[in-house]
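What the coordinates show
Below are the chains, spelled out letter by letter.
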Amino acid sequence: MLRLLLAVTQLQPDLKAGLQSIGAGIAYGAAAIGPGIGIGLVVGNAIQAMARQPEMQGTIRTTMFLGIAFTEALALFGFVLFFLAKS
Amino acid sequence: MSVLGAFTFPPIDELFRWKDVVFEDTPFAINKTAILMLVSTLLIVIIFVGGSRRMKMQPSGTQNVLEITYEFIDGGITRDVIGQDATRYTPFLGSLFLFILFLNFWEVVPFIQFPPTARFAVPLYLALQTYVIYLFVGFKHHKLKYLTGHLFPEGVPKALYILVTPIEFVQLFLVRPFSLAVRLLANMMAGHILLTALALLTAYSLENAPIISIGPFLLNIGVTGFEILVGFLQAYIFTLLTAVYIGDSLHPEH
């Protein structure tokens, strides 16, 4: 299969760019799945914590942003990879 | 589909690479990115030096804004994250926060609309600055125990050190500064591309099918508001993580 694709690629140079774009798109899409779920969990639990203990709101919000930042980094690595794979 | 059939998006380079204005082809070449950085620095200095010139006991106008900003950085970031006695880090964290904030906000300023933080050199430099500072603070306060404390955490079975030590090493020396830089870069870059794409779509559909153009136009306005939020949030997160890393160097046991 891969050998066939490679042979077709050499026949049509346009196809190579197209396949690269498809690959980059799939890579970014896949990289966004996990962080999407993760950020959902982080924010959902933070809201629950805020609703249970409104007096802890400030601390919880700071920690929530920290959690989002760490989780989001994975998706952003995928985003950078998207541009690297495309060019 | 036939309406947008001929629509092509320009290559990414065209959105981020600017022509040199003066000193072309030298290491000191100045382009739009450098000009915006210089202007933001000047703006911050003018606002803060000018605003604190005649301070009163009952603050009003500019002084109010400056005091809220200081309270936000000193109370919300430095004291909360590093510790109650850490006010000496507020000047660094404050200038970091304001610098990134001003750079990010150029993204939504009409006729300029380019965030200098979307060029990798800018966030990379800021992240390396943070990197040097937290390593320096760590080694200054704990000497070599800083390194051993991080690489060989207590309470972990001896056999697991084979697994834990390389991960901690990569985390401390590579992942932290890199993710700090990439997070800021990717957020601003994504925002800039999104705004450009919507603006181009509006302009293109205005020529060919004016009724459709209302969609991307309204979306563009909404996304602009969202980008203001993102610009603020990224400046806050960058500063917050810098504070977390410095705090981790000061009190590694937490």
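Read on for an overview of the structure. (Residues numbered from 1 in each chain as written. Chains lettered and ligands numbered in written order. Predicted model: local features only at pLDDT ≥ 70, side-chain atom pairs only at ≥ 80, totals over all residues.)

1. Notes on unusual backbone geometry
Residue and element names in this part refer to chain B. In this structure, Q113 takes a positive phi of about 45° despite not being glycine. Its place among the elements puts Q113 in the loop between α4 (90-105) and α5 (121-142). Given 14 C-beta atoms within 10 Å, Q113 falls into the partly exposed group. Unlike most non-glycine residues, K143 shows phi in positive territory, near 50°. (Helix = DSSP H or I, 4+ residues; strand = E, 2+ residues; numbered from the N terminus. Buried ≥ 20, exposed ≤ 12 C-beta atoms within 10 Å, placed from the backbone.)

2. A look at the packing of helix α3 (residues 57-86) of chain A against helix α8 (residues 214-250) of chain B
The relative placement of two packed helices comes down to the angle between their axes together with the axis-to-axis distance. Relative to each other, α3 of chain A and α8 of chain B sit at 95°, their axes nearing to 10 Å. The angle between α3 of chain A and α8 of chain B falls in the class roughly perpendicular. Contacts between α3 of chain A and α8 of chain B pair T62, F65, L66 and A69 of chain A from the former with Y236, I237, L240, L241 and V244 of chain B from the latter. Grouping the constituent residues of the contact of α3 of chain A with α8 of chain B by class yields eight nonpolar, one polar and no charged. (Axes fitted to C-alpha atoms, helices over the stretch in contact; angles between N-to-C directions. Parallel < 35°, antiparallel > 145°, perpendicular 65-115°, else oblique. Contact = placed C-beta atoms within 7 Å. Nonpolar A, V, L, I, M, F, W, Y, C, P; charged D, E, K, R; others polar.)

3. Examining the environment of H251 of chain B
All names here are of chain B. Following the sequence through the fold, H251 ends up in the segment after α8. Given 11 C-beta atoms within a 10 Å radius, H251 is considered exposed. C-alpha separation for the pair H251 and L128, spaced 123 residues apart in sequence, amounts to 21 Å.

4. Considering the environment of F79 of chain A
Relative to the elements of secondary structure, F79 of chain A occurs in helix α3. Between the C-alpha atom of F79 of chain A and that of Q53 of chain A, which follows or precedes it by 26 residues, the distance is 36 Å. Look past the residues within four positions of F79 of chain A in its chain and what remains in contact with it is Y28 of chain A together with A186 and A190 of chain B.

5. Quick word on the nonpolar core
With 45 residues, the main nonpolar core has I100 and L185 of chain B as its most contacted residues. Broken down by secondary-structure element, the contributors of at least two residues to this core are α3 of chain A together with α3 (62-82), α4, α5, α7 (161-208) and α8 of chain B. At 10 residues, the largest contribution of residues to this core is made by α8 of chain B. If we skip the residues at most four places from it in the chain, I100 of chain B touches T117, L126, A235 and F238 of chain B. (Core = buried A, V, L, I, M, F, W, Y, C linked by C-beta atoms within 7 Å.)

6. Observations concerning the interface of chain A and chain B
Residue-level contacts link 11 residues of chain A with 13 residues of chain B. Classifying every residue of the side of chain A that touches chain B by side-chain character gives nine nonpolar, one polar and one charged.

7. What to know about α5 of chain B
Residues and elements named next belong to chain B. If you check α5, its first and last C-alpha atoms are 31 Å apart, about what 22 residues at 1.5 Å a residue would give, namely 32 Å. Residues of α5 that are buried include every one of V122, P123, L126, A127, T130, Y131, Y134 and G138, and no others. Of the surrounding elements, those touching the buried residues of α5 are α4, α6 (145-151), α7 and α8. The first or second residue beyond α5 is K143, which carries a positive phi of 50°. (Expected span 1.5 Å × (residues − 1).)

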